[in-house]
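# Coordinates in review
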Amino acid sequence: MSKNKKHLAILGSTGSIGTQALSVVSQHSDLFQLFVISANSNHELLYQQVKKFRPKHAVINTKVGYEFLKKRVSLKETTISLGMEALSQLVQCDEIDLVLTAVVGSVGLVPTISAISANKNIALANKETLVVGGELIMSLAKSNGVKILPVDSEHSAIFQCLVGENINSVNRLVLTASGGPFLNLSKENFKNITVSQALKHPNWSMGNKITIDSSTLMNKGFELIEAFWLFGLSEKKIDIIIHPESIVHSLVEFVDGSTKAQLGWPDMTIPILYALGFPDRINHPFKPLSLIDCQNLTFFKPDEFRFPHLQLAYSCLEKGGTATCVLNAANEIAVEAFLNKKISFLNMFKLVEMSLEKSIFVNNPNLEDYLYADSETRKITSELISKI
């Protein structure tokens, strides 16, 4: 493998962020080389990616997928492995320069910890990793001298605005939110929201889970928690505002009254490029942003009556411990149930709220506590589904 290229591990290569990252790699083959790619269950797409990019290793989480790949892939070029344990070992390989964590949900926690423990820099597109175990992740990254490069558009925007700045000079962070597909829908009509309606995001093309989270604004609650851990500011200094046009991706207000913002079309390629290329910017074909074409940019406060998930995120962050871990686990089960049409749109909030009341709480958790709280919460939330 070329020593002049940045060697990547892409965890979740068949998902929305993973496929866009591979597109970047394809267009910049002089800069990047794949060492590991992984998928949960989409073995057919993973097979196509293996054929095209010929990584050293590919990991799949299902036995069906493992057998499928073993029969079709030349093991002289690409080694096929099964499961998260194998992935957690592979991300520690010496050849890897950067690990892009783009899996969906809390499954990203353990392999990310494994990579950080081996001093690998992380491009983080999996916000649940910090929602579940932010204190553990950031402490481990600091002790190992590891950079956590945010890939979420909002956190990438803040990260870019902070380059060359002293964090003590920051007065406030402002996360922008599109408001999702139900921004102007009355609360009384929420009871009739269908899965297909919730999956129609007005600005962004994302996976199903994150799209549903965007429709409830839980995604923005998770981003609040993520920003808290990434930038080390109190939640009282992190605001959320609605910006339907999704042009201003976030802002940083400084103590002298200055405010920086990062702008761009709603295209995840931009933050992916920044994270993969950091500290350099990559020359890439793009559609220039025209403020004239944008015309009016609007901003206003979120309606917490219609979107109560936001307040849950604030309260769990303030409580600390395993509270945000429980919040994430309950929400993952609730979203899955809604996508499978087992519960209504409004019942997602009820499920999460009830799970927070019933789940265990550990004030100063270690990894085992996080994993136990995650597992137990999933059981509790699953049991509650039949009662709602």
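As a starting point, this report considers the structure included with it. (Residues numbered from 1 in each chain as written. Predicted model: local features only at pLDDT ≥ 70, side-chain atom pairs only at ≥ 80, totals over all residues. Heavy atoms only, no water.)

We now examine the pattern of salt bridges. Under the criterion given, the structure shown has 13 salt bridges. Note that Asp239 is salt-bridged to Arg172, the shortest N-O span being 2.7 Å. Taken together, the residues Asp239 in strand β9 (residues 238-242) and Arg172 in strand β8 (residues 170-177) connect sequence positions 67 residues apart. On the accessibility criterion, Arg172 (28% relative accessible area) is partly exposed. Asp374 is the salt-bridge partner of Arg378, the closest N and O atoms lying 2.8 Å from each other. Here Arg378 pairs with Asp374, and both are found in helix α16 (residues 367-385), just four residues apart, close to one helical turn. (Salt bridge = Lys/Arg side-chain N within 4 Å of Asp/Glu carboxyl O. Helix = DSSP H or I, 4+ residues; strand = E, 2+ residues; numbered from the N terminus. Buried < 20%, exposed > 50% of the residue type's maximum accessible area, 1.4 Å probe, protein only.)

Over the atoms rolls a probe the size of a water molecule, and in doing so it shows where empty space is left. By volume, the largest pocket is sized at about 1100 Å³. Along the walls of the largest pocket sit 50 residues, with Ala102, Val103, Val104, Gly207 and Ile210 positioned nearest its centre. The set of elements that each furnish at least two residues to the lining of the largest pocket consists of α1 (16-27), β2 (32-39), α4 (84-90), α7 (153-162), β8, α9 (208-216), α10 (218-231) and β10 (248-254). Here the lining of the largest pocket takes five residues from α9, the largest share from any one element. Residues belonging to the lining of the largest pocket are distributed by class as follows: 18 nonpolar, 24 polar and eight charged. As a volume, the second largest pocket reaches approximately 440 Å³. Contributing to the lining of the second largest pocket are 18 residues, with Ile270, Leu273, Arg281, Ile282 and Phe286 lying nearest its centre. Listed by contribution, the elements that provide at least two residues to the lining of the second largest pocket are β11 (259-263) and α11 (269-277). Element by element, the count of residues in the lining of the second largest pocket is highest for α11, at four residues. (1 Å grid on protein atoms, 1.4 Å probe; cavity = no way out; pocket = protein on both sides within 12 Å on 5 of 7 lines; lining within 4 Å. Points joined across faces, edges and corners; volume = space filled by probe spheres on them. Nonpolar A, V, L, I, M, F, W, Y, C, P; charged D, E, K, R; others polar.)

The next subject is empty space enclosed by the protein. Counting across every chain of the model gives two cavities of 30 Å³ or more. Size it by volume and the largest cavity reaches roughly 70 Å³. As for the largest cavity, its lining consists of Lys187, Phe190, Ser215, Thr216, Arg306, Phe307, Pro308, His309, Phe345, Leu346 and Phe349. Looking at the lining of the largest cavity, the elements that each hand over two or more residues are α9 and α15 (345-358). When residues in the lining of the largest cavity are grouped by element, the largest group, three residues, is from α15. Of the residues belonging to the lining of the largest cavity, the class tally is six nonpolar, three polar and two charged.

Those residues of helix α3 (residues 63-72) lying buried are Gly65, Tyr66, Phe68 and Leu69. End-on, the buried residues of α3 take up no more than an arc of 165 degrees, which puts them together on one face. Residues of α3 that are exposed and point more than 90 degrees away from the buried face comprise Lys63, Val64 and Lys71. Against α2 (43-53), β3 (57-60) and β4 (79-82) lie the buried residues of α3. (Arc of directions from axis to C-beta. Contact = heavy atoms within 4.5 Å.)

As a further point, take the environment of Lys350. Summarising the element assignment, Lys350 is placed in helix α15. Its relative accessible area of 44% is what places Lys350 among the partly exposed residues. When the C-alpha atoms of Lys350 and Leu384 are compared, they prove to be 9.8 Å apart, with 34 residues separating the residues in sequence.

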